[in-house]
Amino acid sequence: WTKNYSVTCKPTLTFVTSDAYVAIASCGNCHAIRIRVEVVGRTLSDYRLEEGQTGDQVHFLFKERPNFGVHIVWHREQTHVTVETPTQLTLQAKTSDGGVTLTGLQGELGLTTGDGDLTLDHVSGDLRIRSGDGHVKITGAEGALEARTSDGSLTVDGLFHVLALHTSDGTLELTLREGTKLTEASTIQASDGSVTLHVPHTFAADLAVHTSDGHVDCSLPLTVEHYQSSGDERHEMHGKLNGGGTPLTIHTSDGNVKIDQL
């Protein structure tokens, strides 16, 4: 199943799928959203497909129909949904089960997944990511990022002006590219997992680090204003990186914190 929707340079796409691998990528300066559904081992009648367009707003829903009988799989099944869209857009995407990739997109990008790995590459703007169960990898990103994972690691690389990152169960690794300057207070939290932060040697921030069960290792010049240790595992530290700047809070409930230079 395929369909093209003619749009202007910055459309809005509302996108919902249940059990499918999803790939959404930029087609550059094109003036259309193109959606393709490929089903192997099943038929389109096994799914509920709803779609439409109002002006530059496109909505698409593709969900597996409830099956109250016994479904016996005799061959490999897979469902792929691929989307090509203008680079600039407003995206609200929600998937229940299946991996997702976003490539080369800019704008207000919201993505929520229930179960599946997420890969985002060269995306920028106002980014809001939620993952229920799966690893999240974000590379070459720019702008404001809010990302939360319930069960899975979070790996982020880019140039940002504000961050709100959280993992409930998994490691968190953040690489801030040269030129990063936080303009709003930012937070990095891990409930059960270590935090590793790679920053340029010029990166400046008012740093507050707290670990409930772990240690802090900072290889950059840090003017320490406060340090508290309770036993061998609980540590709290406040200081200024490169003279200080916007507040950056790092908190782990169970894991180490490491800050090093790119």
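Everything below is about the structure shown above.
This is a predicted model, so every value here is computed, not measured.

Visitor: Go over the overall build of the chain with me, naming the residues and quoting the values.
Guide: Along the chain, the regular secondary structure elements total zero helices and 23 strands. Taking the principal axes of its C-alpha atoms as reference, the chain extends roughly 65 × 45 × 25 Å. Within the chain, the fraction of its 262 residues that count as buried is 43%. Surface accessibility of the chain: about 12,300 Å² in total, with carbon and sulfur atoms responsible for 47%. Between the centroid of the 19 positive side chains of the chain and the centroid of its 34 negative side chains there is a distance of 8 Å.

Visitor: If you had to explain the nonpolar core to someone new, which residues and values would you point to?
Guide: Membership of the largest hydrophobic core comes to 59 residues, with the highest contact counts inside it found for Val 81, Leu 145, Leu 165 and Ile 250. The residues touching Ile 250, leaving out its near neighbours within four places in the chain, are Ile 188, Val 195, Leu 197, Leu 207, Ala 208, Val 209, His 210, Val 257 and Ile 259.

Visitor: If you had to explain the state of the cysteines to someone new, which residues and values would you point to?
Guide: Taken as a whole and judged by the stated rule, the model has one disulfide. Between the sulfur atoms of Cys 27 and its disulfide mate Cys 30 the distance is 1.7 Å. Distance from the sulfur of Cys 9, which forms no disulfide, to the nearest cysteine sulfur (Cys 30) is 11 Å.

Visitor: Tell me about the pairing of strand β3 (residues 21-26), and please be specific about residues and values.
Guide: Sheet topology note: the β3/strand β7 (residues 78-85) ladder contains six bridges and is parallel. Note on β7: the bridge partner recorded for Ala 25 is Glu 84.

Visitor: Let's hear about the pattern of salt bridges: which residues, and what values?
Guide: Taken as a whole and judged by the stated rule, the model has nine salt bridges. Put simply, Lys 3 and Glu 51 hold a salt bridge, and the shortest N to O gap is 3.1 Å. Taken as a pair, Lys 3 in strand β1 (residues 2-6) and Glu 51 in strand β5 (residues 47-54) lie far apart in primary sequence, 48 residues in all. Lys 3 sits in the partly exposed class, given a relative accessible area of 32%. A salt bridge links Asp 206 to Lys 240; the shortest N-O distance between them is 3.0 Å. Residue Asp 206 is found in strand β18 (residues 205-211), and its partner Lys 240 is found in strand β21 (residues 234-241); the two are separated by 34 residues along the sequence. We classify Asp 206 as partly exposed; its relative accessible area is 25%. One salt-bridge network, held together by shared partners, links Arg 42, Asp 46 and Glu 64.

Visitor: Give me the packing of aromatic side chains: which residues, what numbers.
Guide: Scanning the entire structure with this criterion turns up four aromatic pairs. Between Trp 1 and Phe 60 the ring centres are 5.8 Å apart and the planes differ by 35°, which places this aromatic pair in the tilted class. With Trp 1 in the segment before β1 and Phe 60 in strand β6 (residues 57-64), this residue pair connects regions lying 59 residues apart in the sequence. Phe 60 gets classed as buried once you look at its relative accessible area, which sits at 1%. Consider the rings of Phe 15 and Phe 60, whose centres lie 5.4 Å apart with planes at 20°: the pair is stacked. Separated by 45 residues along the polypeptide, Phe 15 in strand β2 (residues 12-19) and Phe 60 in strand β6 bring together distant segments of the chain. The exposure class assigned to Phe 15 is buried, which follows from its relative accessible area of 0%. What links up through ring pairs into an aromatic cluster is the set Trp 1, Phe 15, Tyr 47, Phe 60 and Phe 62.

Visitor: So what's going on with the environment of Leu 13? Which residues, and what values?
Guide: In this fold, Leu 13 is placed in strand β2. With 84 residues separating them along the chain, Leu 13 and Asp 97 place their C-alpha atoms 19 Å apart. In this structure, Leu 13 is in contact with Ile 33, Val 58, Val 83, Leu 89, Thr 90, Leu 91 and Gln 92, ignoring residues within four places of it in sequence.

Reading guide: rules and limits
- Residues numbered from 1 in each chain as written.
- Predicted model: local features only at pLDDT ≥ 70, side-chain atom pairs only at ≥ 80, totals over all residues.
- Heavy atoms only, no water.
- Helix = DSSP H or I, 4+ residues; strand = E, 2+ residues; numbered from the N terminus.
- Buried < 20%, exposed > 50% of the residue type's maximum accessible area, 1.4 Å probe, protein only.
- Areas by Shrake-Rupley, 256 points an atom, 1.4 Å probe, with all protein chains shown as cover.
- Lys, Arg positive; Asp, Glu negative; His and termini not counted.
- Charge placed at Lys NZ, Arg CZ, Asp CG, Glu CD.
- Core = buried A, V, L, I, M, F, W, Y, C linked by side-chain atoms within 4.5 Å.
- Contact = heavy atoms within 4.5 Å.
- Disulfide = S-S within 2.5 Å.
- Pairing = 2+ DSSP bridges.
- Salt bridge = Lys/Arg side-chain N within 4 Å of Asp/Glu carboxyl O.
- Phe/Tyr/Trp six-rings, centres within 6.5 Å; stacked < 30°, edge-to-face > 60°.

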